[in-house]
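Structural features, examined
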Amino acid sequence: MSVAIKTESEIAKMRVAGRLTSEVLDYIAPFVRAGVTTNELDKLCHDLIVNVQKGIPAPLNYAPGGHNPYPKSICTSINHQICHGVPSDKILKNGDIVNLDITVIKDGYHGDSSRMFMIGEPSIQAKRLCEVTYQSLWRAIRVVKPGAYLGDIGHAIQGYVEPLGYSVVREFCGHGIGHRFHEEPQVLHYGRPKTGLRLEAGMIFTIEPMINAGKAAIKHLNDGWTVVTKDRSLSAQYEHTILVTSTGFEVLTVSDDTPSPP
Ligand code: MF3
Ligand code: CO
Ligand code: CO
């Protein structure tokens with residue numbers, strides 16, 4: 001397994017891509033309301049990325065091995081949808097929770113981040129799931145420093161959410177990112193302390209836990225992309241792109257309205 005150590009000039013470009021990605025989430029937030037369709041959110045984000053940011057929405061036509069090309073510019077995963085939800089004419093309604101996952105390419109480099117949005121007044125259970133998922137992401141981020149292990153990251157998430165009765169999705173993970181959308185290493189959201197790859201300054205990867213209110217099992221919809229919980233329980237996800245620095249971590253997907261750390 002070879003994990004790239006990014007150069008200073010690559011890191012500078014990753015900071016720019018990360019900021020733009022986060023700014024798309026800031027921009028779209030006020031539009032994520034009851035009555036809007038996920039296609040409308042997709043178009044708004046697409047136009048901002050292409051026309052204003054002069055970037056490229058990485059998901060559009062993305063076709064990793066065996067997949068049909070992804071048809072939209074963002075991912076919109078509603079309620080029991082775990083990830084890779086494909087925007088459609090479906091209307092968001094009061095009580096829904098939705099994850100918007102944005103990946104912007106700028107100057108050849110990728111930023112990747114997602115947040116949960118609540119429509120109107122979701123149930124206490126739905127809110128709690130989103131809060132716990134956000135907490136789990138930040139518990140993992142705070143582990144990141146040279147000499148820490150990937151297993152420490154997975155354990156920080158799993159050891160926090162499972163005792164609360166939630167489950168960690170196994171089939172999808174965080175990933176190295178840079179000039180390519182998905183590169184080594186795989187960043188599992190479960191694991192044992194002091195196992196796996198040892199982190200070094202200059203590595204860049206995402207952490208993006210998918211946490212289910214029910215069981216961990218997943219199912220693929222026949223659109224070839226959307227992933228849902230098998231038991232139809234709610235699922236939540238947050239994602240940041242993280243640089244390992246000489247003293248710890250730097251979150252690259254930041255902007256004026258990034259939610260504050262818990
Ligand atoms: N943004 C997702 C991730 O965090 C990947 C989406 S791939 C797509 O890794 F094709 F569905 F857009
Ligand atoms: Co990602
Ligand atoms: Co993403």
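**Some remarks on the coordination of the cobalt ion (ligand 2)**
Within the protein, the atoms that donate to the cobalt ion (ligand 2) are D112 (OD), H175 (NE2), E208 (OE) and E239 (OE), at distances of 2.0 to 2.2 Å. Between the 6 donor atoms coordinating the cobalt ion (ligand 2), the angles at the centre fall across 51 to 162°, so the site counts as irregular. Separating the cobalt ion (ligand 2) from the cobalt ion (ligand 3) is a gap of 3.3 Å, which D112 spans by donating to each of them. One end of the pair, H175, is in strand β7 (residues 174-176); the other, E239, is in the loop between β13 (235-237) and β14 (240-244), and 64 residues separate them in sequence. H175 sits in the buried class, given a relative accessible area of 5%. Assessed through its relative accessible area of 0%, E239 is described here as buried.

**Notes on the coordination of the cobalt ion (ligand 3)**
Donor atoms from the polypeptide that coordinate the cobalt ion (ligand 3) comprise D101 (OD), D101 (OD), D112 (OD) and E239 (OE), at 2.1 to 2.4 Å from the metal. All donors to the cobalt ion (ligand 3) come from one chain, and their sequence spacing reads D-x10-D-x126-E.

**Re the state of the cysteines**
In total, this model carries 0 disulfides according to the counting rule given. Unpaired in this structure, C75 has its nearest cysteine sulfur neighbour in C83, at a distance of 7.7 Å. Classification of C75 as buried rests on a relative accessible area of 8%. In this model C130 remains outside any disulfide bridge; the closest cysteine sulfur is found in C83, 15 Å from its own.

Parameters at a glance
Residues numbered from 1 in each chain as written. Chains lettered and ligands numbered in written order. Predicted model: local features only at pLDDT ≥ 70, side-chain atom pairs only at ≥ 80, totals over all residues. Heavy atoms only, no water. Donors = N, O, S within 2.8 Å, 3.2 Å for Na, K, Ca; no water. Tetrahedral: all angles 85-135°; square planar, octahedral: opposite > 155°, others 65-115°. Helix = DSSP H or I, 4+ residues; strand = E, 2+ residues; numbered from the N terminus. Buried < 20%, exposed > 50% of the residue type's maximum accessible area, 1.4 Å probe, protein only. Disulfide = S-S within 2.5 Å.

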